[in-house]
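Residue-level structure breakdown
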Amino acid sequence: MIQANIQAPQSSDHDLPTLPRRPDARDVSSRVGSSVQEATRPAEILVLGLQAEPVRRFVEVLCGHITFAKDRFLLGTSLLEDRFRLLVYGVQVPDPVDQLALDLVAERMVGTILLYPWDDPDAHERVEALADWYEQRFQAPLVVAAFGVSGDPLPGTLQREGLHLSPTGRLVGLDLSSPRSVVGAVLVLLAVAAERVADLAGFE
């Protein structure tokens with residue numbers, strides 16, 4: 001375990017890194033324009049939380065409304081910045097975490113946002129343990145989003161003491177009442193996922 005890099009959420013006008021692509025004669029995107037993007041399947045992301053309410057708020061702020069809700073599970077859809085189609089799964093983490101079955105979702109997801117209530121004294125160890133559990137099982141990137149009831153997305157104590165994650169983990173501040181902050185956390189996740197794909201593909 002090492003100290004995680006603290007990264008501030010990006011603004012809503014942030015441009016995600018693009019990956020080089022080889023020319024392909026079968027690629028008709030230049031002829032059909034935006035219709036190709038509309039036809040592509042949405043990116044799937046997972047939002048995990050220790051309590052149900054923060055998960056619900058995050059999905060509602062990002063998607064506008066909840067498409068489906070049952071027990072610990074929520075589903076929403078979003079068109080992020082009029083460019084990125086998202087399918088958003090929200091899940092309240094059970095205790096013990098081993099009861100959390102993510103295999104079907106994990107096969108397709110771009111990455112996961114783990115909501116961290118930094119002002120809950122019992123949450124720190126649970127979030128670190130959950131991050132370890134996740135990163136031992138799944139390849140998709142993990143972004144831990146720290147929020148507090150006071151609205152301070154990244155308190156000084158958290159910056160000083162930090163949250164111990166793996167080298168690939170990211171820690172961002174989050175204000176659940178701010179759509180800009182919620183979108184910023186998602187953009188960080190998508191950027192990390194793009195970097196991961198570039199690394200695996202050998203792009204520089």
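The rules behind the values
Residues numbered from 1 in each chain as written. Predicted model: local features only at pLDDT ≥ 70, side-chain atom pairs only at ≥ 80, totals over all residues. Heavy atoms only, no water. Helix = DSSP H or I, 4+ residues; strand = E, 2+ residues; numbered from the N terminus. Buried < 20%, exposed > 50% of the residue type's maximum accessible area, 1.4 Å probe, protein only. Contact = heavy atoms within 4.5 Å. Areas by Shrake-Rupley, 256 points an atom, 1.4 Å probe, with all protein chains shown as cover. Phe/Tyr/Trp six-rings, centres within 6.5 Å; stacked < 30°, edge-to-face > 60°. Salt bridge = Lys/Arg side-chain N within 4 Å of Asp/Glu carboxyl O. Core = buried A, V, L, I, M, F, W, Y, C linked by side-chain atoms within 4.5 Å. Expected span 1.5 Å × (residues − 1). Arc of directions from axis to C-beta.

Before going further, it helps to spend a moment on the overall build of the protein. A tally of regular secondary structure across the protein gives seven helices and 10 strands. Relative to its full complement of 204 residues, the protein shows a buried share of 43%. Across the protein, contacts joining residues at least 24 apart in sequence account for 72% of those joining residues at least 6 apart. In the structure as shown, the protein presents an accessible area of about 11,100 Å², 51% of it carried by carbon and sulfur atoms.

Let us look at unusual backbone geometry. One non-glycine residue, Asp71, lies in positive phi territory at about 55°. In this fold, Asp71 is placed in the loop between strand 4 (68-70) and strand 5 (73-80). A residue is classified by how much of its surface remains accessible, and Asp71, at 77% relative accessible area, is exposed.

What follows concerns the packing of aromatic side chains. Ring pairs (aromatic) are described by centroid distance and by the angle formed between their planes. Overall, the coordinates contain four aromatic pairs when judged by the stated rule. Between the aromatic rings of Phe73 and Tyr89, the centroid separation amounts to 5.9 Å while the plane-to-plane angle is 45°, which identifies the pairing as tilted. In this pair, Phe73 is assigned in strand 5 and Tyr89 in strand 6 (residues 84-92), connecting sequence segments 16 residues apart. For Phe73, a relative accessible area of 26% gives the class partly exposed.

What follows is about the pattern of salt bridges. Inspection of every chain in the model, using the stated rule, returns four salt bridges. The partner of Glu53 in a salt bridge is Arg56, and the shortest N-O contact between them spans 2.3 Å. Linking Glu53 with Arg56, this pair stays in helix 3 (residues 52-63), spanning three residues, or about one helical turn. Looking at Glu53, the relative accessible area reads 40%, which means it is partly exposed. What makes Arg56 partly exposed here is its relative accessible area of 29%. In this structure, Glu195 engages Arg170 in a salt bridge whose closest nitrogen and oxygen atoms are separated by 4.0 Å. Linking Glu195 in helix 7 (residues 179-201) with Arg170 in strand 10 (residues 170-173), this pair joins segments that are 25 residues apart in sequence.

Counting 29 residues, the largest nonpolar core has Leu100, Leu114, Trp133 and Val144 as its most contacted members. Of all the elements, helix 5 (residues 123-137) adds the most residues to this core, at six residues. Beyond its immediate chain neighbours, meaning those up to four positions away, Trp133 contacts Val97, Asp98, Leu100, Leu102 and Phe138. Residues Ile45, Leu74, Leu80 and Val186 belong to the second largest nonpolar core, which totals 28 residues.

Right, let's get into helix 3. Taking 1.5 Å of rise per residue, the 12 residues of helix 3 would be expected to cover 16 Å, and the 16 Å separating its terminal C-alpha atoms lies within 8% of that figure. Looking at helix 3, one finds that the buried residues are Pro54, Val55, Phe58, Val59, Leu62 and Cys63. Viewed along the axis of helix 3, the buried residues span an arc of 140°, placing them on a single side of the element. Downstream of helix 3 by one or two residues, Gly64 has phi in the positive range, about 95°.

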